[in-house]
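Below, each chain spelled out in residue letters.
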Amino acid sequence: QVQLMESGGGLVQAGGSLRLSCAASGRTFGFSWFRQAPGKEREFVAAVLWSYGATYYADSVKGRFTISRDNAKNTVYLQMNSLKPVDTAVYYCAAGFNSRGTYSVASSYDYWGQGTQVTVSS
């Protein structure tokens, strides 16, 4: 069982930046970030998969967010720039990607963090 611990959320003004971190207790294959706003379903944000670190992004964050990972630390990061109020949500780290699944689908991951709140004020 792999445990995930997120950090880095908080309150920021529109146009600002935040960096989220997710540390895994063990080695795992594939990391992603999802988010869930009040009253909405959990949605895919970004993923870093495969041994060569292929990255994928939701259209809504492409060009503003960057996902990266440090294999030596079993840690994944989400650098969020040019934040908008619509980015306000609880952000969840996911790991343990099932390669038979789809990277943008939550059920494709075995492990989840507890979530960290990101609030962007206008």
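Data block above holds the structure.
Residues numbered from 1 in each chain as written. Predicted model: local features only at pLDDT ≥ 70, side-chain atom pairs only at ≥ 80, totals over all residues. Heavy atoms only, no water.

### Thoughts on the overall build of the chain
For clarity, the threshold we go by: Secondary structure elements are taken from DSSP: a helix is a run of H or I of four residues or more, a strand is a run of E of two residues or more, and numbering for both begins at the N terminus. As defined in this context, the radius of gyration uses C-alpha atoms, and a globule is described by 2.2 Å times the residue total to the power 0.38.
Scanning the chain from terminus to terminus reveals zero helices and 11 strands. The order of helices and strands in the chain, counted from the N terminus, is β-β-β-β-β-β-β-β-β-β-β. Computed over its C-alpha atoms, the radius of gyration of the chain comes to 13 Å, within 12% of the 14 Å expected for a compact globule of 122 residues. Oriented by its inertia axes, the alpha-carbon framework of the chain measures out at about 40 × 25 × 25 Å.

### Topic: the sheet that holds strand S7 (residues 65-70)
Note the threshold: Each pair of strands is called paired provided DSSP finds at least two bridges between the two strands. Fitting a line to C-alpha atoms yields each axis, with helices limited to the stretch in contact; the angle taken between N-to-C directions then spans 0 to 180 degrees.
Taking strand neighbours across the sheet as the criterion, the four strands line up as S1-S3-S8-S7 in an open arrangement whose pairing is antiparallel. The sheet terminates laterally at strand S1 (4-7) and S7, the two strands that pair on one side only. Averaged over all pairs of adjacent strands, the angle between their axes in this sheet comes to 15 degrees, without regard to strand direction.

### Considerations on the side chain of Glu6
Quick reminder of the rule: A 1.4 Å probe rolled over the protein chains alone gives each residue an accessible area, and that area as a share of the maximum for its type sets the label: buried under 20%, exposed over 50%, partly exposed in between. His is not counted here, nor are the chain ends, while Lys and Arg score as positive and Asp and Glu score as negative. By definition here, a salt bridge exists when the distance from a side-chain nitrogen of Lys or Arg to a carboxyl oxygen of Asp or Glu is within 4 Å. Any N or O atom pair separated by 3.5 Å or less is treated as a polar contact, with the protein-specific requirement of one donor-capable and one acceptor-capable atom, and with residues adjacent in sequence counted only for side-chain atom pairs.
The topology assignment puts Glu6 in strand S1. Here Glu6 occupies a buried position and makes no salt bridge, while the nearest side chain of opposite charge, Arg42, is found at 7.7 Å. Reaching out from Glu6, the side chain makes a polar contact with the backbone nitrogen of Cys93 at a distance of 2.6 Å. Reaching out from Glu6, the side chain makes a polar contact with the backbone nitrogen of Gly115 at a distance of 2.6 Å.

### Observations concerning the packing of aromatic side chains
The following threshold applies: The criterion for an aromatic pair is that two Phe, Tyr or Trp rings (for Trp, the six-membered ring) have centres within 6.5 Å, with stacked assigned to planes under 30 degrees apart, edge-to-face to planes over 60 apart and tilted to the rest. For a lysine, the NZ atom is tested; for an arginine, the CZ atom; a charge sits over a ring if that atom is within 6 Å of the ring centre and within 35 degrees of the ring normal.
The final tally for this structure, using the stated rule, is seven aromatic pairs. In textbook terms, an aromatic cluster arises when at least three aromatic residues are bridged by ring pairs, as seen for Phe34, Phe44, Tyr56, Phe97, Tyr103, Tyr109 and Trp112. Lying across the ring of Tyr92, Arg42 places its NZ or CZ 3.8 Å from the centre.

### Considering the environment of Lys73
Topologically, Lys73 is positioned in the loop between S7 and strand S8 (75-80). Classification of Lys73 as exposed rests on a relative accessible area of 55%. Linking Lys73 and Ala23, residues 50 residues apart in sequence, is a C-alpha distance of 7.4 Å.

### Some points on the state of the cysteines
Note the following rule: Note on terminology: pairs of cysteine sulfur atoms within 2.5 Å are recorded as disulfides.
Going through the model one piece at a time under the given rule, you end up with one disulfide. Disulfide pairing is shown between Cys22 and Cys93; the S-S distance is 2.1 Å. Residues Cys22 and Cys93 share a disulfide whose torsion about the S-S bond is about -80 degrees; that sign makes it left-handed. With a gap of 71 residues between them, Cys22 in strand S3 (residues 18-24) and Cys93 in strand S9 (residues 89-97) connect regions that are remote in the sequence.

Treat this as a map of the structure, not an account of what it does.
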